[in-house]
Amino acid sequence: MTRARTRAQSPLRIAGHRVDRRMFLRGTGAAAAVGALAACGVPSAYVRESERGGRDRSEQEKVVRFSNWALYIDIDEDDEQKHPTLDAFTDKTGIKVRYSEEINDNDEFFGKIHPAIQAGKEPGRDAIVISDWMCTRFVRLGWVQKLNKANLPQVDANLAESLRSPGYDPKREYTVPWQSGMTGIAYNKKLVGREIRSVNDLWRPELKGRVTVFAGFMEAVALLMLGEGADIKTFTDADVDKVMERMQKLVDKDHIRSFTGNDYTSGLASGDILACQAYSGDVGQLKLDNPDIEFVVPEEGAELWSENLMVPNKAAHKTNAEKLMDFYYDPEVAAELANYVAYVCPVPAAQQVLAESSDQEMRESAANPLIFPDAEMTAKLHGMRETTEDEERRWEKAWGNIIGL
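Residues numbered from 1 in each chain as written. Predicted model: local features only at pLDDT ≥ 70, side-chain atom pairs only at ≥ 80, totals over all residues. Heavy atoms only, no water.

Burial of the side chains of strand E5 (residues 211-214) extends over both faces: Val211 and Val213 are buried on one face and Thr212 and Phe214 on the other. Bridge analysis of E5 against strand E6 (residues 256-260) gives four bridges, and the strand direction is parallel. Opposite Phe214, over in E6, you have Thr260 as the bridge partner. Across two bridges, E5 lies against strand E7 (residues 275-279) in parallel orientation. Bridging across to E7, Thr212 finds its partner in Cys276. (Buried < 20%, exposed > 50% of the residue type's maximum accessible area, 1.4 Å probe, protein only. Helix = DSSP H or I, 4+ residues; strand = E, 2+ residues; numbered from the N terminus. Pairing = 2+ DSSP bridges.)

Put into C-alpha coordinates, the structure is as follows:
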(Lines give C-alpha, C1' and ligand atoms only; values in the text may rest on other atoms or scores of the structure.)
Protein backbone atom coordinates (compact mmCIF):
# COMPACT_ATOMS: atom_id res chain seq x y z
CA MET A 1 0.00 0.00 0.00
CA THR A 2 1.05 3.58 -0.40
CA ARG A 3 1.31 6.46 2.00
CA ALA A 4 -0.17 9.02 -0.40
CA ARG A 5 -2.16 11.00 2.16
CA THR A 6 -3.22 14.59 2.02
CA ARG A 7 -1.63 17.13 4.31
CA ALA A 8 -4.64 17.20 6.63
CA GLN A 9 -4.59 13.42 6.95
CA SER A 10 -0.87 13.04 7.57
CA PRO A 11 0.29 13.41 11.18
CA LEU A 12 3.88 13.64 9.95
CA ARG A 13 3.46 16.39 7.36
CA ILE A 14 5.62 19.14 8.84
CA ALA A 15 6.75 22.55 7.57
CA GLY A 16 5.60 21.81 4.05
CA HIS A 17 7.63 18.61 3.75
CA ARG A 18 6.42 15.23 2.63
CA VAL A 19 7.20 12.31 4.89
CA ASP A 20 6.57 8.57 5.10
CA ARG A 21 7.22 8.06 1.37
CA ARG A 22 9.54 5.10 1.18
CA MET A 23 7.44 1.93 1.29
CA PHE A 24 9.11 -1.41 0.63
CA LEU A 25 6.99 -3.95 2.47
CA ARG A 26 6.21 -6.48 -0.21
CA GLY A 27 2.65 -7.69 -0.42
CA THR A 28 2.26 -11.44 -0.78
CA GLY A 29 0.62 -10.97 -4.17
CA ALA A 30 3.57 -9.02 -5.55
CA ALA A 31 6.10 -11.42 -4.06
CA ALA A 32 4.22 -14.40 -5.45
CA ALA A 33 4.06 -12.80 -8.89
CA VAL A 34 7.81 -12.29 -8.98
CA GLY A 35 8.39 -15.81 -7.71
CA ALA A 36 6.24 -17.12 -10.53
CA LEU A 37 8.21 -15.11 -13.08
CA ALA A 38 11.46 -16.51 -11.73
CA ALA A 39 10.09 -20.05 -11.81
CA CYS A 40 9.12 -19.60 -15.45
CA GLY A 41 12.65 -18.64 -16.34
CA VAL A 42 12.94 -14.87 -16.34
CA PRO A 43 16.59 -15.12 -17.53
CA SER A 44 15.22 -16.07 -20.95
CA ALA A 45 13.52 -12.67 -21.04
CA TYR A 46 16.87 -10.93 -21.62
CA VAL A 47 16.59 -8.25 -24.30
CA ARG A 48 19.62 -7.59 -26.45
CA GLU A 49 20.88 -4.02 -26.73
CA SER A 50 19.93 -3.82 -30.40
CA GLU A 51 16.30 -4.63 -29.60
CA ARG A 52 15.66 -2.13 -26.79
CA GLY A 53 15.11 1.11 -28.63
CA GLY A 54 11.87 2.29 -30.18
CA ARG A 55 10.99 5.16 -32.48
CA ASP A 56 11.77 8.27 -30.45
CA ARG A 57 8.93 10.75 -30.99
CA SER A 58 10.44 13.42 -28.72
CA GLU A 59 10.83 15.95 -31.49
CA GLN A 60 7.25 15.61 -32.69
CA GLU A 61 5.61 15.14 -29.27
CA LYS A 62 6.72 17.54 -26.54
CA VAL A 63 5.75 15.29 -23.67
CA VAL A 64 7.42 12.99 -21.15
CA ARG A 65 5.62 10.36 -19.05
CA PHE A 66 7.25 10.17 -15.65
CA SER A 67 6.42 7.40 -13.13
CA ASN A 68 7.56 7.90 -9.55
CA TRP A 69 6.82 6.91 -5.97
CA ALA A 70 4.16 8.79 -4.03
CA LEU A 71 5.26 11.90 -2.12
CA TYR A 72 8.71 11.97 -3.70
CA ILE A 73 8.69 15.39 -5.34
CA ASP A 74 8.08 19.00 -4.35
CA ILE A 75 4.46 20.13 -4.01
CA ASP A 76 2.95 23.56 -4.41
CA GLU A 77 1.73 24.81 -1.04
CA ASP A 78 -1.44 26.27 -2.56
CA ASP A 79 -2.26 23.40 -4.92
CA GLU A 80 -1.06 19.90 -4.06
CA GLN A 81 -1.72 18.75 -7.61
CA LYS A 82 1.11 20.99 -8.83
CA HIS A 83 4.85 20.41 -8.63
CA PRO A 84 6.92 23.59 -9.03
CA THR A 85 10.01 21.91 -10.43
CA LEU A 86 8.01 20.05 -13.07
CA ASP A 87 6.31 23.29 -14.03
CA ALA A 88 9.73 24.95 -14.29
CA PHE A 89 10.92 22.15 -16.57
CA THR A 90 7.96 22.71 -18.87
CA ASP A 91 8.51 26.47 -18.88
CA LYS A 92 12.16 25.97 -19.82
CA THR A 93 11.81 23.24 -22.44
CA GLY A 94 8.21 23.33 -23.65
CA ILE A 95 7.95 19.65 -22.71
CA LYS A 96 4.82 18.76 -20.74
CA VAL A 97 5.19 16.19 -17.96
CA ARG A 98 2.54 13.54 -17.41
CA TYR A 99 3.42 12.71 -13.84
CA SER A 100 2.17 9.53 -12.20
CA GLU A 101 2.71 8.39 -8.61
CA GLU A 102 2.08 4.79 -9.62
CA ILE A 103 5.08 3.08 -7.99
CA ASN A 104 4.12 1.73 -4.59
CA ASP A 105 6.45 -1.26 -4.42
CA ASN A 106 9.43 -2.41 -6.50
CA ASP A 107 8.15 -5.94 -7.10
CA GLU A 108 4.64 -4.75 -7.87
CA PHE A 109 5.95 -2.34 -10.48
CA PHE A 110 8.18 -5.06 -11.96
CA GLY A 111 5.06 -7.15 -12.49
CA LYS A 112 3.16 -4.18 -13.90
CA ILE A 113 5.70 -3.29 -16.60
CA HIS A 114 6.82 -6.83 -17.34
CA PRO A 115 4.21 -7.78 -19.98
CA ALA A 116 5.01 -4.84 -22.26
CA ILE A 117 8.79 -5.24 -21.95
CA GLN A 118 8.62 -9.00 -22.45
CA ALA A 119 6.49 -8.52 -25.57
CA GLY A 120 8.73 -5.78 -26.97
CA LYS A 121 5.92 -3.23 -26.82
CA GLU A 122 5.92 0.47 -25.94
CA PRO A 123 5.51 0.52 -22.12
CA GLY A 124 3.52 3.75 -21.73
CA ARG A 125 6.28 5.32 -19.63
CA ASP A 126 9.40 7.29 -20.56
CA ALA A 127 11.10 7.74 -17.18
CA ILE A 128 10.74 5.48 -14.14
CA VAL A 129 12.23 5.61 -10.63
CA ILE A 130 13.10 2.34 -8.89
CA SER A 131 15.46 1.21 -6.15
CA ASP A 132 19.07 0.09 -6.52
CA TRP A 133 18.44 -3.61 -6.05
CA MET A 134 15.59 -3.61 -8.56
CA CYS A 135 17.73 -1.60 -10.99
CA THR A 136 20.11 -4.55 -10.84
CA ARG A 137 17.33 -6.76 -12.17
CA PHE A 138 16.28 -4.34 -14.92
CA VAL A 139 19.84 -3.81 -16.13
CA ARG A 140 20.61 -7.53 -15.92
CA LEU A 141 17.57 -8.35 -18.04
CA GLY A 142 18.30 -5.61 -20.57
CA TRP A 143 14.97 -3.88 -19.90
CA VAL A 144 16.29 -0.30 -19.98
CA GLN A 145 17.93 1.73 -22.71
CA LYS A 146 21.45 3.10 -22.75
CA LEU A 147 21.37 6.82 -22.07
CA ASN A 148 22.72 9.40 -24.50
CA LYS A 149 25.36 11.17 -22.42
CA ALA A 150 25.28 14.14 -24.80
CA ASN A 151 21.85 14.94 -23.33
CA LEU A 152 23.15 14.75 -19.75
CA PRO A 153 25.88 17.41 -19.34
CA GLN A 154 24.69 18.55 -15.90
CA VAL A 155 24.54 14.97 -14.66
CA ASP A 156 28.14 14.49 -15.75
CA ALA A 157 29.23 17.73 -14.10
CA ASN A 158 27.27 17.55 -10.84
CA LEU A 159 26.67 13.92 -9.82
CA ALA A 160 28.25 13.09 -6.45
CA GLU A 161 31.43 11.03 -6.72
CA SER A 162 30.10 8.48 -4.23
CA LEU A 163 27.23 7.64 -6.60
CA ARG A 164 29.06 7.48 -9.94
CA SER A 165 29.91 3.79 -10.09
CA PRO A 166 27.37 1.35 -8.61
CA GLY A 167 27.99 -2.34 -9.18
CA TYR A 168 24.95 -2.79 -11.40
CA ASP A 169 25.86 0.17 -13.64
CA PRO A 170 29.53 1.08 -13.10
CA LYS A 171 29.60 3.72 -15.85
CA ARG A 172 26.09 5.07 -15.20
CA GLU A 173 25.14 4.15 -18.75
CA TYR A 174 21.57 3.18 -17.88
CA THR A 175 20.68 4.91 -14.61
CA VAL A 176 20.73 8.37 -13.03
CA PRO A 177 20.10 8.78 -9.27
CA TRP A 178 16.87 10.58 -8.42
CA GLN A 179 17.53 10.74 -4.68
CA SER A 180 19.67 8.74 -2.30
CA GLY A 181 19.46 7.77 1.32
CA MET A 182 20.91 5.74 4.12
CA THR A 183 19.64 2.63 5.86
CA GLY A 184 20.77 2.92 9.46
CA ILE A 185 19.32 2.88 12.97
CA ALA A 186 16.70 5.12 14.52
CA TYR A 187 15.96 5.23 18.23
CA ASN A 188 14.29 7.32 20.89
CA LYS A 189 17.20 8.45 23.04
CA LYS A 190 14.96 9.60 25.90
CA LEU A 191 13.13 6.29 26.19
CA VAL A 192 16.18 4.10 25.56
CA GLY A 193 18.21 6.07 28.10
CA ARG A 194 21.58 5.47 26.44
CA GLU A 195 23.29 5.96 23.11
CA ILE A 196 22.98 3.38 20.38
CA ARG A 197 26.18 3.21 18.37
CA SER A 198 26.28 -0.30 16.93
CA VAL A 199 23.95 -2.58 15.00
CA ASN A 200 24.46 -5.08 17.80
CA ASP A 201 23.07 -2.58 20.31
CA LEU A 202 19.68 -3.41 18.82
CA TRP A 203 19.94 -6.90 20.28
CA ARG A 204 20.53 -5.79 23.89
CA PRO A 205 18.15 -7.58 26.32
CA GLU A 206 16.52 -4.37 27.57
CA LEU A 207 15.16 -3.69 24.08
CA LYS A 208 13.38 -7.04 23.80
CA GLY A 209 10.04 -6.69 22.07
CA ARG A 210 10.59 -3.03 21.20
CA VAL A 211 12.80 -3.42 18.08
CA THR A 212 11.73 -3.70 14.43
CA VAL A 213 13.57 -4.87 11.30
CA PHE A 214 12.59 -4.38 7.67
CA ALA A 215 10.49 -7.16 6.19
CA GLY A 216 12.01 -6.88 2.73
CA PHE A 217 15.18 -8.95 2.60
CA MET A 218 16.98 -6.65 0.19
CA GLU A 219 16.09 -3.66 2.38
CA ALA A 220 17.22 -5.33 5.61
CA VAL A 221 20.25 -7.42 4.78
CA ALA A 222 23.00 -4.86 4.11
CA LEU A 223 22.86 -3.25 7.54
CA LEU A 224 22.51 -6.62 9.23
CA MET A 225 25.58 -7.96 7.41
CA LEU A 226 27.57 -4.89 8.41
CA GLY A 227 26.62 -5.68 11.99
CA GLU A 228 28.14 -9.14 11.54
CA GLY A 229 31.39 -7.65 10.24
CA ALA A 230 30.85 -8.37 6.53
CA ASP A 231 32.01 -6.24 3.63
CA ILE A 232 28.78 -5.67 1.70
CA LYS A 233 30.70 -4.93 -1.48
CA THR A 234 32.11 -8.46 -1.56
CA PHE A 235 29.86 -10.52 0.74
CA THR A 236 29.35 -14.27 0.35
CA ASP A 237 26.71 -16.85 1.18
CA ALA A 238 28.46 -17.39 4.49
CA ASP A 239 27.89 -13.74 5.40
CA VAL A 240 24.19 -14.06 4.62
CA ASP A 241 24.02 -17.28 6.63
CA LYS A 242 25.32 -15.43 9.70
CA VAL A 243 22.51 -12.93 9.36
CA MET A 244 19.92 -15.68 8.96
CA GLU A 245 21.21 -17.49 12.05
CA ARG A 246 21.19 -14.31 14.11
CA MET A 247 17.68 -13.37 13.04
CA GLN A 248 16.29 -16.84 13.69
CA LYS A 249 17.61 -16.73 17.24
CA LEU A 250 16.13 -13.27 17.79
CA VAL A 251 12.76 -14.40 16.44
CA ASP A 252 12.82 -17.48 18.67
CA LYS A 253 13.45 -15.22 21.69
CA ASP A 254 10.65 -12.80 20.70
CA HIS A 255 13.21 -10.03 20.66
CA ILE A 256 11.90 -8.47 17.46
CA ARG A 257 8.53 -6.78 17.78
CA SER A 258 7.73 -7.01 14.07
CA PHE A 259 9.10 -6.95 10.55
CA THR A 260 7.93 -3.78 8.89
CA GLY A 261 7.61 -1.67 5.81
CA ASN A 262 7.52 2.03 6.36
CA ASP A 263 4.98 1.59 9.15
CA TYR A 264 7.87 1.66 11.61
CA THR A 265 7.57 5.46 11.56
CA SER A 266 4.29 5.50 13.47
CA GLY A 267 5.60 3.15 16.15
CA LEU A 268 8.77 5.16 16.55
CA ALA A 269 6.78 8.38 16.81
CA SER A 270 4.42 6.94 19.44
CA GLY A 271 7.16 5.32 21.53
CA ASP A 272 5.92 1.76 20.98
CA ILE A 273 9.18 1.11 19.10
CA LEU A 274 12.37 2.09 20.91
CA ALA A 275 14.87 1.29 18.16
CA CYS A 276 14.71 0.02 14.60
CA GLN A 277 16.13 -0.18 11.13
CA ALA A 278 15.24 3.10 9.46
CA TYR A 279 15.65 5.29 6.40
CA SER A 280 17.42 8.59 6.88
CA GLY A 281 14.82 10.75 5.16
CA ASP A 282 11.97 9.43 7.29
CA VAL A 283 13.85 10.01 10.51
CA GLY A 284 14.87 13.51 9.51
CA GLN A 285 11.18 14.35 9.31
CA LEU A 286 10.24 12.56 12.53
CA LYS A 287 12.96 14.47 14.35
CA LEU A 288 11.33 17.78 13.45
CA ASP A 289 8.35 16.73 15.55
CA ASN A 290 10.27 14.86 18.25
CA PRO A 291 13.92 15.89 18.82
CA ASP A 292 14.48 12.78 20.96
CA ILE A 293 14.42 10.59 17.84
CA GLU A 294 17.91 10.09 16.44
CA PHE A 295 19.25 8.59 13.24
CA VAL A 296 22.55 6.76 13.58
CA VAL A 297 25.10 5.60 11.07
CA PRO A 298 26.47 2.80 13.27
CA GLU A 299 30.11 2.14 14.00
CA GLU A 300 30.11 -0.76 11.54
CA GLY A 301 28.76 1.47 8.78
CA ALA A 302 25.46 1.87 6.96
CA GLU A 303 24.11 1.29 3.47
CA LEU A 304 24.04 4.15 0.97
CA TRP A 305 21.43 3.50 -1.69
CA SER A 306 19.79 5.34 -4.54
CA GLU A 307 16.49 5.30 -6.30
CA ASN A 308 17.22 5.80 -9.93
CA LEU A 309 15.74 7.27 -13.08
CA MET A 310 15.80 4.95 -16.10
CA VAL A 311 14.29 4.87 -19.59
CA PRO A 312 12.50 1.56 -20.21
CA ASN A 313 12.75 -0.29 -23.49
CA LYS A 314 10.71 1.05 -26.41
CA ALA A 315 9.88 4.30 -24.57
CA ALA A 316 8.44 6.75 -27.08
CA HIS A 317 10.08 9.91 -25.71
CA LYS A 318 13.61 8.91 -24.71
CA THR A 319 15.27 12.25 -25.49
CA ASN A 320 12.63 14.14 -23.53
CA ALA A 321 13.21 11.81 -20.58
CA GLU A 322 16.95 12.49 -20.72
CA LYS A 323 16.28 16.23 -20.74
CA LEU A 324 14.15 15.78 -17.62
CA MET A 325 16.93 13.85 -15.91
CA ASP A 326 19.47 16.52 -16.73
CA PHE A 327 17.18 19.32 -15.55
CA TYR A 328 17.18 17.92 -12.02
CA TYR A 329 20.98 18.10 -11.92
CA ASP A 330 20.92 21.88 -12.15
CA PRO A 331 22.04 22.76 -8.58
CA GLU A 332 19.20 25.29 -8.20
CA VAL A 333 16.59 22.66 -9.09
CA ALA A 334 18.30 19.95 -7.05
CA ALA A 335 18.30 22.29 -4.05
CA GLU A 336 14.57 22.90 -4.29
CA LEU A 337 13.84 19.18 -4.54
CA ALA A 338 16.22 18.25 -1.72
CA ASN A 339 14.74 20.84 0.61
CA TYR A 340 11.34 19.28 0.09
CA VAL A 341 11.98 15.53 0.08
CA ALA A 342 14.82 15.57 2.67
CA TYR A 343 16.71 12.53 1.37
CA VAL A 344 20.41 12.53 0.45
CA CYS A 345 20.86 14.91 -2.47
CA PRO A 346 22.89 13.45 -5.37
CA VAL A 347 24.04 16.96 -6.34
CA PRO A 348 26.58 18.28 -3.79
CA ALA A 349 26.54 21.75 -5.37
CA ALA A 350 22.95 22.13 -4.22
CA GLN A 351 24.21 22.54 -0.65
CA GLN A 352 25.74 25.93 -1.38
CA VAL A 353 22.54 27.05 -3.10
CA LEU A 354 20.59 26.21 0.04
CA ALA A 355 23.17 27.74 2.35
CA GLU A 356 22.95 31.06 0.52
CA SER A 357 19.15 31.14 0.49
CA SER A 358 17.21 33.91 2.21
CA ASP A 359 14.82 31.24 3.54
CA GLN A 360 15.69 29.89 6.98
CA GLU A 361 14.28 26.44 6.31
CA MET A 362 16.43 26.08 3.21
CA ARG A 363 19.54 27.17 5.10
CA GLU A 364 18.76 24.54 7.73
CA SER A 365 18.52 21.90 5.00
CA ALA A 366 22.02 22.85 3.85
CA ALA A 367 23.35 22.02 7.31
CA ASN A 368 21.42 18.75 7.63
CA PRO A 369 23.83 15.75 7.44
CA LEU A 370 20.93 13.50 6.44
CA ILE A 371 20.67 15.51 3.21
CA PHE A 372 24.35 16.35 2.79
CA PRO A 373 26.42 13.80 4.77
CA ASP A 374 29.69 15.20 6.10
CA ALA A 375 33.04 13.55 5.41
CA GLU A 376 33.00 11.51 8.63
CA MET A 377 29.57 10.10 7.89
CA THR A 378 30.33 9.51 4.21
CA ALA A 379 33.37 7.43 5.15
CA LYS A 380 31.05 4.96 6.88
CA LEU A 381 28.58 4.60 4.01
CA HIS A 382 28.77 1.61 1.68
CA GLY A 383 27.00 0.36 -1.43
CA MET A 384 26.00 -3.29 -1.67
CA ARG A 385 27.37 -5.46 -4.46
CA GLU A 386 25.24 -6.62 -7.34
CA THR A 387 23.30 -9.80 -6.63
CA THR A 388 22.22 -12.56 -8.99
CA GLU A 389 18.68 -13.77 -9.49
CA ASP A 390 19.58 -17.18 -8.07
CA GLU A 391 20.98 -15.57 -4.93
CA GLU A 392 17.92 -13.38 -4.45
CA ARG A 393 15.56 -16.32 -4.87
CA ARG A 394 17.41 -18.53 -2.38
CA TRP A 395 17.88 -15.83 0.22
CA GLU A 396 14.36 -14.46 0.05
CA LYS A 397 12.91 -17.95 0.50
CA ALA A 398 15.01 -18.49 3.62
CA TRP A 399 14.19 -15.01 4.89
CA GLY A 400 10.48 -15.57 4.37
CA ASN A 401 10.65 -18.72 6.50
CA ILE A 402 12.30 -16.77 9.32
CA ILE A 403 9.97 -13.80 9.36
CA GLY A 404 6.81 -15.81 8.75
CA LEU A 405 5.89 -14.99 5.13
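So much for the structure itself; the text now carries on.
A few words on the nonpolar core. Phe66, Phe138, Met247 and Trp399 are the most contacted members of the largest nonpolar core, which totals 128 residues. If you tally residues by element for this core, the top one is helix H7 (residues 217-227), at nine residues. The residues touching Met247, leaving out its near neighbours within four places in the chain, are Trp203, Val213, Leu224, Ile256, Phe259, Trp399 and Ile402. (Core = buried A, V, L, I, M, F, W, Y, C linked by side-chain atoms within 4.5 Å. Contact = heavy atoms within 4.5 Å.)

The next thing to look at is the environment of Glu396. Assignment of secondary structure puts Glu396 in helix H16 (residues 389-403). Using a relative accessible area of 25% as the deciding quantity, one classes Glu396 as partly exposed. C-alpha separation for the pair Glu396 and Gly216, spaced 180 residues apart in sequence, amounts to 8.4 Å.

As a further point, take the packing of helix H8 (residues 237-252) against H16. As a packed pair, H8 and H16 sit with axes 10 Å apart at the nearest point and diverge in direction by 10°. Relative to H16, the element H8 is oriented roughly parallel. Only Arg394, Trp395, Ala398, Trp399 and Ile402 of H16 make contact with H8, whose side of the interface consists of Asp237, Val240, Val243, Met244, Met247, Gln248 and Val251. Of the residues belonging to the contact of H8 with H16, the class tally is nine nonpolar, one polar and two charged. (Axes fitted to C-alpha atoms, helices over the stretch in contact; angles between N-to-C directions. Parallel < 35°, antiparallel > 145°, perpendicular 65-115°, else oblique. Nonpolar A, V, L, I, M, F, W, Y, C, P; charged D, E, K, R; others polar.)

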